[in-house]
Amino acid sequence: MRKPIIAGNWKMNKTNAEAEKLIGELKPLVADAKCEVVICVPYTCIATAVKATAGSNIAVGAENVAWADAGAFTGEISAEMLKEIGTEYVIIGHSERRQMFGETDETVNKRTVQALKNGLKPIVCVGETLAERESGKTETVVKTQVKGGFDGISAADLKNVVVAYEPVWAIGTGKTATSEQAEETIKYIRSVFADLYGKSVADELRIQYGGSMNPKNASELMAQPDIDGGLIGGASLKAEDFAKVVKY
Ligand code: 13P
């Protein structure tokens, strides 16, 4: 059985003072959660978040990781640096990074390999744009992203990976994919992994939905057989909202 995983993606929000306050409010609200709870926070908040969540059921993640060990990579943060301060998860290949910061399937692959090599658990994002969906390319797009992003990654490593299906048109728009659309594409993504790794490996892989997931639509999305969790943007910035999603 796949344990559901609800992860917040704070994106570029929250100072350390705000992070401490939000986590303080969140902890008691999710203490009895049945799913795994993760908050992926800006680099500058990670140490604060790790300290504030100590002894709780909330794990902390980063929002990106460099593909190299160290060196001349101005502005990048290494896996070793993240591990040292207690980071457990890392989002890789978010559509905002693909669209605004030149992330490609190849760099997603390199970052994912590096994360796994260093014992970080990657949350690898895939998803189509509105134009791609409307021209019937959704399956081709996510298949290409999966094949490129997971090139050379072993079945053993896949056990430590979470995949997030985030249709770009549903992110931050208030326009959620219907539970049928989300289930259909996530089921397809699982079939792509089954072709690459075999059915039993694919059946163990956790695949989240992300894109305007909130307290109102979480339970319907989570009721779908192939949806194993959520990657939550806007609704993760308020303790009450995030807690309601966690308790979908
Ligand atoms: P929203 O929940 O704000 O739509 O963001 C989703 C997302 O991008 C999570 O990674």
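Refer to the structure above for everything that follows.
Here goes a summary of the coordinates provided.

Criteria and cut-off values
- Starting from 1, residues in each chain are numbered consecutively following that chain's sequence as written.
- Since the coordinates come from a predicted model, pLDDT governs what is reported: local features require at least 70, and pairs of side-chain atoms require 80 or more to be given and counted, while whole-chain, interface and lining totals use all residues.
- No hydrogens and no water enter the side-chain calculation; it runs on all heavy atoms of the structure.
- By definition, any uninterrupted DSSP run of H or I lasting at least four residues is a helix, any uninterrupted run of E lasting at least two residues is a strand, and each is numbered from the N terminus.
- The globule rule used for comparison is 2.2 Å times the number of residues to the exponent 0.38, while the radius of gyration itself is calculated over C-alpha atoms.
- Burial status follows relative accessibility: with a 1.4 Å probe on protein chains alone, a residue under 20% of its type maximum counts as buried, one over 50% as exposed, and anything between as partly exposed.
- In what follows, residue pairs with any heavy atoms lying within 4.5 Å of each other are defined as contacts.
- Here, Shrake-Rupley sampling with a 1.4 Å probe gives the accessible areas, and only protein chains in the shown set may cover a residue.
- When charges are counted, Lys and Arg are positive and Asp and Glu negative, with His and the chain ends excluded.
- Charged groups are reduced to one reference atom each: NZ for lysine, CZ for arginine, CG for aspartic acid, CD for glutamic acid.
- Put simply, a residue is near a molecule or strand once any heavy atom of it comes within 4 Å of that molecule or strand.
- Under the rule applied, a polar contact is a pair of N or O atoms within 3.5 Å (in protein, one hydrogen donor and one hydrogen acceptor; residues adjacent in sequence only if both atoms are side-chain atoms).
- For this classification, the nonpolar set comprises Ala, Val, Leu, Ile, Met, Phe, Trp, Tyr, Cys and Pro, the charged set comprises Asp, Glu, Lys and Arg, and every other residue, Gly included, is treated as polar.
- Here the expected span of a helix is defined as 1.5 Å times the quantity of residues minus one.
- Of all possible arcs, the one meant is that of the directions from the helix axis to the C-beta atoms.
- Think of a salt bridge as a Lys or Arg side-chain nitrogen and an Asp or Glu carboxyl oxygen that are within 4 Å of each other.

## Quick look at the overall build of the protein chain
A tally of helices and strands in the protein chain yields 12 helices and 8 strands. Scaling as 2.2 N^0.38, a compact globule of 248 residues should have a C-alpha radius of gyration of about 18 Å, and the protein chain matches this with 17 Å. For the protein chain, the spread of C-alpha atoms along the principal axes amounts to about 45 × 45 × 35 Å. When burial is assessed residue by residue, the protein chain has 52% of its 248 residues classed as buried. Look at the contacts in the protein chain between residues 6 or more apart in sequence, and 73% of them connect residues 24 or more apart. Carbon and sulfur atoms form 53% of the exposed surface of the protein chain, whose accessible area is close to 11200 Å². For the protein chain, the distance from the average site of its 29 positive side-chain charges to the average site of its 33 negative ones is 3 Å.

## With respect to the site of the ligand
In the vicinity of the ligand, the contacting residues are Asn-9, Lys-11, His-94, Glu-166, Ala-170, Ile-171, Gly-172, Gly-211, Ser-212, Leu-231, Gly-233 and Gly-234. In the environment of the ligand, an oxygen atom lies 3.0 Å from a nitrogen or oxygen atom belonging to the side chain of Asn-9. Take Glu-166: an N or O atom from its side chain is 2.9 Å from an oxygen atom of the ligand. Relative to its free-state accessible area of 310 Å², the ligand is covered by the protein chains to the extent of 95%. Of the residues contributing to the shell around the ligand, the split by class is 3 nonpolar, 7 polar and 2 charged.

## Some thoughts on helix α1 (residues 16–30)
Because an α-helix packs 3.6 residues into every turn, residues spaced three or four apart end up facing the same way. Between its first and last C-alpha atoms α1 spans 21 Å; for 15 residues at 1.5 Å apiece the expected length is 21 Å, and the two agree. Among the residues making up α1, those that are buried are Ala-19, Leu-22, Ile-23, Leu-26 and Val-30. Looking down the long axis of α1, one finds its buried residues gathered within 100 degrees of arc, a one-sided arrangement. What points out from α1, more than 90 degrees from its buried face, is the exposed set Ala-17, Glu-20, Lys-21 and Pro-28. Taken together, the buried residues of α1 touch β2 (36–40), α2 (43–53), β3 (58–62) and α12 (239–246).

## With respect to the pattern of salt bridges
All told, the structure shown has 16 salt bridges when counted by the stated rule. In this structure, the salt-bridge partner of Lys-21 is Glu-25, at a minimum N-O distance of 3.2 Å. In this pair, Lys-21 and Glu-25 both sit in helix α1, 4 residues apart, roughly one turn of the helix. With relative accessibility at 36%, the residue Glu-25 sits in the partly exposed group. Lys-159 is the partner of Glu-204 in a salt bridge, and the nearest nitrogen-oxygen pair spans 3.6 Å. Pair noted here: Glu-204 is in helix α10 (residues 199–204) and Lys-159 is in the loop between α8 (155–158) and β6 (162–165), with a separation of 45 residues, a long-range link. Of the two residues, Glu-204 and Lys-159, neither departs from the other in class, the shared state being exposed. One network of salt bridges, with partners in common, ties together Arg-2, Arg-190, Asp-226 and Asp-228.

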